[in-house]
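Secondary and tertiary structure notes
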Amino acid sequence: IENESNCLTAEFIQDINDKWSVGLAYGYEDYSLVTQINGALGFDQLQSVHANVFYTPVDNLTFALEYIYIQSEGPGFSEDANRIGGSVTFAF
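All values reported here derive from a predicted model rather than from experimental measurement. Numbering of residues starts from 1 in every chain and runs along the sequence as written. Where local features are concerned, this predicted model is filtered to residues with pLDDT of at least 70; where side-chain atom pairs are given and counted, the filter is 80 or more; whole-chain, interface and lining totals use all residues. Processing note: side-chain calculations cover all non-hydrogen atoms of the structure and skip hydrogens and water entirely.

**Some words on the overall build of the protein**
Rule in force here: We count a stretch as a helix when DSSP gives it H or I for four or more residues in a row; a strand needs E for two or more, and each element gets its number in order from the N terminus. We compute the radius of gyration over the C-alpha atoms and compare it with the globule rule, which gives 2.2 Å times the number of residues raised to the power 0.38. For the exposure calls, accessible area comes from a 1.4 Å probe over protein chains only, and a residue counts as buried if that area is under 20% of its type's maximum, exposed if over 50%, partly exposed in between. Calculation of accessible area relied on Shrake-Rupley with a 1.4 Å probe; when residues are assessed, cover is drawn exclusively from the protein chains displayed.
Helix and strand counts for the protein stand at 0 helices and 5 strands. Its helices and strands taken in sequence order, the protein reads β-β-β-β-β from the N to the C terminus. Here the C-alpha radius of gyration of the protein, 17 Å, is well above what a compact globule of 92 residues would show, namely 12 Å. On the principal axes, the C-alpha backbone points of the protein span a range of 50 × 25 × 20 Å. Among the 92 residues that make up the protein, the fraction classed as buried is 16%. Of the roughly 6700 Å² of accessible surface on the protein, 57% is carried by carbon and sulfur atoms.

**Considering the packing of aromatic side chains**
The way to describe two aromatic rings as a pair is by their centre distance and the angle between their planes. Selection criterion: In this scheme Phe, Tyr and Trp rings, the latter by its six-membered ring, pair at centre separations within 6.5 Å, and the angle between planes marks the pair as stacked below 30 degrees, edge-to-face above 60, and tilted otherwise.
Evaluation of the coordinates by the stated rule reveals 3 aromatic pairs. Note on Y55 and F63: the rings are 6.4 Å apart at their centroids and 25° apart in plane angle, and the pair reads as stacked. Of the residues examined, Y55 reaches a relative accessible area of 28% and is grouped as partly exposed. Residue F63 is classed as partly exposed on the basis of its relative accessible area of 35%. For the ring pair F90 and F92, a centre distance of 6.1 Å and an interplane angle of 25° mean the geometry is stacked. One aromatic cluster is present, built from ring pairs that chain together W20, Y55 and F63.

**Re the environment of G85**
Our working definition: Here a residue-residue contact requires only that any non-hydrogen atoms of the pair lie within 4.5 Å.
Mapping G85 onto the fold places it in strand 5 (residues 77-90). Among the residues examined, G85 registers a relative accessible area of 27% and is labelled partly exposed. Along the primary structure G85 and A64 are separated by 21 residues, whereas in three dimensions their C-alpha atoms are 8.3 Å apart. Setting aside residues no more than four positions away along its own chain, G85 makes contact with A64, L65 and E66.

**Comments concerning a nonpolar patch on the surface**
Note the following rule: The residues that make up patches have over 30% relative accessible area and no salt bridge, and they are joined within 9 Å when like-charged or within 5 Å when they are Val, Leu, Ile, Met, Phe, Trp or Tyr. One side-chain nitrogen of Lys or Arg within 4 Å of one carboxyl oxygen of Asp or Glu is enough to make a salt bridge.
Side chains of I16, W20, V22, V53 and L65 sit close together on the surface and give an oily, nonpolar patch of about 450 Å² of accessible area. Within the secondary structure, L65 sits in strand 4 (residues 61-74). Given the relative accessible area of 55%, L65 is considered exposed.

**What about the side chain of N52?**
The topology assignment puts N52 in strand 3 (residues 42-58). Judged by relative accessible area, which is 9%, N52 ranks as buried. Contacts of N52, omitting those with residues within four sequence positions, involve E11, S21, V22, G23, L65 and E66.

If you want it as structure tokens, here you go:
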């Protein structure tokens, strides 16, 4: 079954100096079919906000922290979620 969607993502990243930068992103997804959760209720719309901090001590290494707020809605369903994540990227 094909589930058509309309999606939008916009992101802004600002360098503070040569080692630090911050980012802010917004995402929106709207689906034609409901995506089931645990076989009962489901969502057909998602919105998210992402706030990031990046630290690059040397050219090939970046540490990042991210906070995400997600809101999902559907027929008889509305939930919010928060998530904090971290990553280390080494480019070679």
